[in-house]
Amino acid sequence: MTEGEVERSVSRGFMTIPIYADDSYISEFDATVIREGPRFVVLDKTAFYPESGGQPSDTGLLRHGSQTVRVFKVLRRGRDIFHYIDSDLPKGAAVHGVLDWDERFLNMRRHSAEHLLSGLFERAGAGPKVYSDMKRIEFKPSDLTEDGVRQVEAWFNEAVDADIPIRIYYAARSELDVGDDERKRMFLQKIPRSVERLRMVEIPDYDLNFCFGTHVRSTGEIGHLAELELVEGKKGRRVVLFTLE
Ligand SMILES: [Zn+2]
C-alpha cells in the first residue's frame with residue numbers, strides 16, 4: 001500500500017487517494033470525477049493539497065477534453081476532498097490536473113522552514129510553541145532574546161547548507177513516545193481515536209512531528225532565511241516572524 005492509500009484507509013477514511021502524501025513533487029496527474037455538484041468535484045485521487053494544518057489549499061486547473069476549469073480552493077469535507085471550480089464537470093469525467101506549482105513549491109518551502117524553526121527554537125529553549133504558520137511562530141511563556149534568535153538563524157542556515165534529507169514515515173499511535181512533551185500530548189489527544197497511524201515528518205537531529213502537510217525533500221530546498229525578527233505579541237507572547245530568500 002502506498003502512503004496515500006494508508007492515509008486514506010486508516011487516518012481519515014478518504015474516498016479520494018491523496019497522492020500528494022506519496023509524493024509532494026507531483027504537479028500534474030490524471031484522475032476521474034467520482035462525485036459532482038454545482039461548482040465542485042470529488043476525484044478518485046488528487047495531488048491538490050486541501051487546506052489543513054496552517055497550509056493553504058492548492059490552486060490550479062482541471063482539463064477535460066477541450067474544457068479547462070479553474071480550481072480555486074480545495075477542502076476536506078468528511079471522507080471526501082472537494083475541489084471548488086469555476087464551472088461544472090460531469091461524473092465519470094477523465095480529468096488532467098495541473099497545480100499552480102510555483103505557489104505550491106513556495107508553500108512547501110515555507111512549511112518545511114516552519115518545521116526546522118520549531119525544532120531549533122525548542123533547542124534554543126524558547127519555551128512552548130503556542131502557534132505557528134508559514135510566516136510566524138509564537139511562544140508562551142517565553143524569555144526568548146535577540147541573541148537566541150540570532151543563534152537560531154545561524155543554525156537554520158547551517159542546516160540548509162548541510163542539505164539534510166527530510167524523512168516521511170508512518171508510525172502507530174500506540175508506539176509513539178512523546179515523553180513529557182505536553183504540546184505533543186495535547187496534539188495527540190485532539191486526533192480522533194480511530195486514527196491509529198500517524199504520518200511522521202523528521203528532519204534528523206532537528207525536528208520530529210506528526211503532519212499531513214507537504215514538504216520539500218531536503219533542507220537545501222528550503223533556502224536561507226531572508227529575515228528572522230523577534231517582536232512582542234499579545235498577552236506576553238514572544239513572536240518570531242520569518243521570510244525566506
Ligand atoms: Zn508538516
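Reference entry: report on the structure contained in this document. From a predicted model like this one, the values you see are computed outputs, not experimental measurements.

The rules behind each value
- Residues numbered from 1 in each chain as written.
- Predicted model: local features only at pLDDT ≥ 70, side-chain atom pairs only at ≥ 80, totals over all residues.
- Heavy atoms only, no water.
- Salt bridge = Lys/Arg side-chain N within 4 Å of Asp/Glu carboxyl O.
- Helix = DSSP H or I, 4+ residues; strand = E, 2+ residues; numbered from the N terminus.
- Buried < 20%, exposed > 50% of the residue type's maximum accessible area, 1.4 Å probe, protein only.
- Donors = N, O, S within 2.8 Å, 3.2 Å for Na, K, Ca; no water.
- Tetrahedral: all angles 85-135°; square planar, octahedral: opposite > 155°, others 65-115°.
- Phe/Tyr/Trp six-rings, centres within 6.5 Å; stacked < 30°, edge-to-face > 60°.
- Lys NZ or Arg CZ within 6 Å of the ring centre and 35° of its normal.

The next thing to look at is the pattern of salt bridges. With the rule as written, the count across this model stands at 12 salt bridges. Arg 35 serves as the salt-bridge partner of Asp 80, at 2.8 Å between the closest nitrogen and oxygen. Highlighted residues: Asp 80 in strand β7 (residues 80-85) and Arg 35 in strand β2 (residues 28-37), separated in sequence by 45 residues. Asp 80 gets classed as buried once you look at its relative accessible area, which sits at 9%. Arg 150 is the partner of Glu 146 in a salt bridge, and the nearest nitrogen-oxygen pair spans 2.3 Å. Within this pair, Glu 146 and its partner Arg 150 are both found in helix α3 (residues 146-162), separated by four residues, close to a single helical turn. With a relative accessible area of 31%, Arg 150 lands in the partly exposed category. A cluster of three or more residues bridged by salt bridges with shared partners is formed by Arg 136, Glu 138 and Arg 237.

Before going further, it helps to examine the coordination of the zinc ion. On the protein side, the zinc ion has His 111 (NE2), His 115 (NE2), Cys 211 (SG) and His 215 (NE2) as donor atoms, found 2.0 to 2.1 Å from it. Coordination at the zinc ion is tetrahedral: its four donor atoms span angles of 98 to 124 degrees at the metal.

With that settled, the discussion passes to the packing of aromatic side chains. Two measures describe an aromatic ring pair: the distance that separates the ring centres and the angle between the ring planes. A complete count under the given rule lists nine aromatic pairs for this structure. On the basis of an interplanar angle of 45 degrees and a centroid distance of 6.1 Å, the ring pair of Tyr 25 and Trp 101 is categorised as tilted. With a gap of 76 residues between them, Tyr 25 in the loop between β1 (17-18) and β2 and Trp 101 in helix α2 (residues 101-123) connect regions that are remote in the sequence. When its relative accessible area of 16% is taken as the criterion, Tyr 25 is described as buried. Where Phe 121 meets Phe 139, the ring centres are 5.2 Å apart and the plane angle is 55 degrees; that geometry is what we call tilted. Of this pair, Phe 121 sits in helix α2 while Phe 139 is found in strand β10 (residues 136-139), placing the two residues 18 residues apart along the sequence. Classification of Phe 121 by relative accessible area gives buried; the value is 0%. You can call Phe 139 buried: its relative accessible area is 1%. Within the aromatic cluster, the residues linked to one another by ring pairs are Tyr 25, Trp 101 and Phe 105. Cation over ring: Arg 217 sits above Tyr 25, and NZ or CZ is 3.6 Å from the ring centre.

Everything listed is a geometric property; what it means functionally is a separate question.
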